[in-house]
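# Coordinate inspection notes
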Amino acid sequence: MSFGKTFSNRQRIVKALWALVLNVILWIVIPYYIGTLLAGRVGGTPLTIPTFVYEFGIVFTALDVGAAYFDGLVWCVPFLSGVAILSAVYLWLVTNGGDLSITEMNISIALEFRLLLYVFIVPSIWAAVRAPLSYLVWRRALSSQPAVPPPPPPAP
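None of these values were measured; they are calculated from a predicted model. (Residues numbered from 1 in each chain as written. Predicted model: local features only at pLDDT ≥ 70, side-chain atom pairs only at ≥ 80, totals over all residues. Heavy atoms only, no water.)

Within the chain, the regular secondary structure consists of four helices and three strands. Relative to the 2.2 N^0.38 estimate, which gives 15 Å for 156 residues, the radius of gyration of the chain is 22 Å and therefore markedly larger than a compact globule would have. The dimensions of the chain, computed from C-alpha atoms along their principal axes, are 90 × 35 × 20 Å. Counting all 156 residues of the chain, 29% fall into the buried class. (Helix = DSSP H or I, 4+ residues; strand = E, 2+ residues; numbered from the N terminus. Rg over C-alpha atoms; globule rule 2.2 N^0.38 Å. Buried < 20%, exposed > 50% of the residue type's maximum accessible area, 1.4 Å probe, protein only.)

In structure tokens:
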């Protein structure tokens, strides 16, 4: 978040294109291949369903590209909060709420890590709250500054 900075339209487009490429790789390509590797071995995770990966990947990409394009403006705040909330939901769904079962060669292992999952989700929720709060603090600091600098003191 870089409130108050001005970027040219070209800089905004370049930032948005980089965000697009990076997010397609991180949220669509990599999860798709991880899901194909886990298919049949890990039960209860929607990561093995390509439609799930595509839908969340597209939403992540759209929100992150919007945040990159509108960086420095008030419009980036909902995009940043949206990415943070979506990442918490994604983490919850991918891990099946902290309950995973792995099956390999007729051996099943059940993992329950709900408390650890809460620890991983809290920073995402904080990021969703922090974006609007930091914008409000920045606006308040901006409004408390004098619009015109005071005149210099008279010379003795």
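As for its placement among the helices and strands, Ser124 is situated in helix α4 (residues 114-144). If we ignore the near neighbours within four places in the chain, the residues touching Ser124 are Ala84, Ser87 and Ala88. (Contact = heavy atoms within 4.5 Å.)

Okay, α4 next. Compared with the 45 Å implied by 1.5 Å per residue over 31 residues, the 45 Å span of α4 between its first and last C-alpha is a close match. Taking the largest bend as the criterion, α4 deviates by roughly 30°, centred on Arg130, and proline Pro132 comes between one and four positions later. Considered for burial, the residues of α4 that qualify are Leu117, Ile121, Ser124, Ala128, Ala131 and Tyr135. Next to the buried residues of α4 lie α3 (76-94). (Expected span 1.5 Å × (residues − 1). Bend = angle between axes of the 7 residues up to and from the residue.)

This paragraph deals with the nonpolar core. Core analysis: the biggest nonpolar cluster contains 10 residues, these being Leu47, Phe52, Val53, Phe56, Phe60, Leu63, Val83, Leu86, Tyr90 and Val94. For this core, the secondary-structure elements that each account for two or more residues are α2 (50-69) and α3. Tallying contributions element by element places α2 first for this core, with five residues. Among the nonpolar cores identified, the runner-up in size contains five residues, and Phe3, Cys76, Val77 and Tyr135 belong to it. (Core = buried A, V, L, I, M, F, W, Y, C linked by side-chain atoms within 4.5 Å.)

Below, the discussion takes up the pairing of strand β2 (residues 99-104). In this sheet, strand β3 (residues 107-112) lies alongside β2 in antiparallel orientation, the contact comprising six bridges. Looking at the pairing, Ser101 lines up with Ala110 of β3. Two successive antiparallel strands, β2 and β3, enclose a turn made up of two residues, where Met105 displays a positive phi of approximately 50°. (Pairing = 2+ DSSP bridges.)

Overall, the coordinates contain 12 aromatic pairs when judged by the stated rule. Judged by centre distance (5.1 Å) and plane angle (85°), the ring pair of Tyr69 and Phe70 falls under edge-to-face. By relative accessible area, which is 28% here, Tyr69 ends up partly exposed. A residue is classified by how much of its surface remains accessible, and Phe70, at 26% relative accessible area, is partly exposed. On the numbers, 5.7 Å between centres and 20° between planes, the contact of Phe70 with Phe79 is stacked. Overall, Phe79 belongs to the partly exposed group, its relative accessible area being 24%. By the ring-pair criterion, three or more aromatic residues cluster together here, those being Trp27, Phe52, Phe56, Phe60 and Tyr90. In this arrangement the basic side chain of Lys15 is found over the ring face of Phe7, its NZ or CZ atom lying 4.2 Å from the centre. (Phe/Tyr/Trp six-rings, centres within 6.5 Å; stacked < 30°, edge-to-face > 60°. Lys NZ or Arg CZ within 6 Å of the ring centre and 35° of its normal.)

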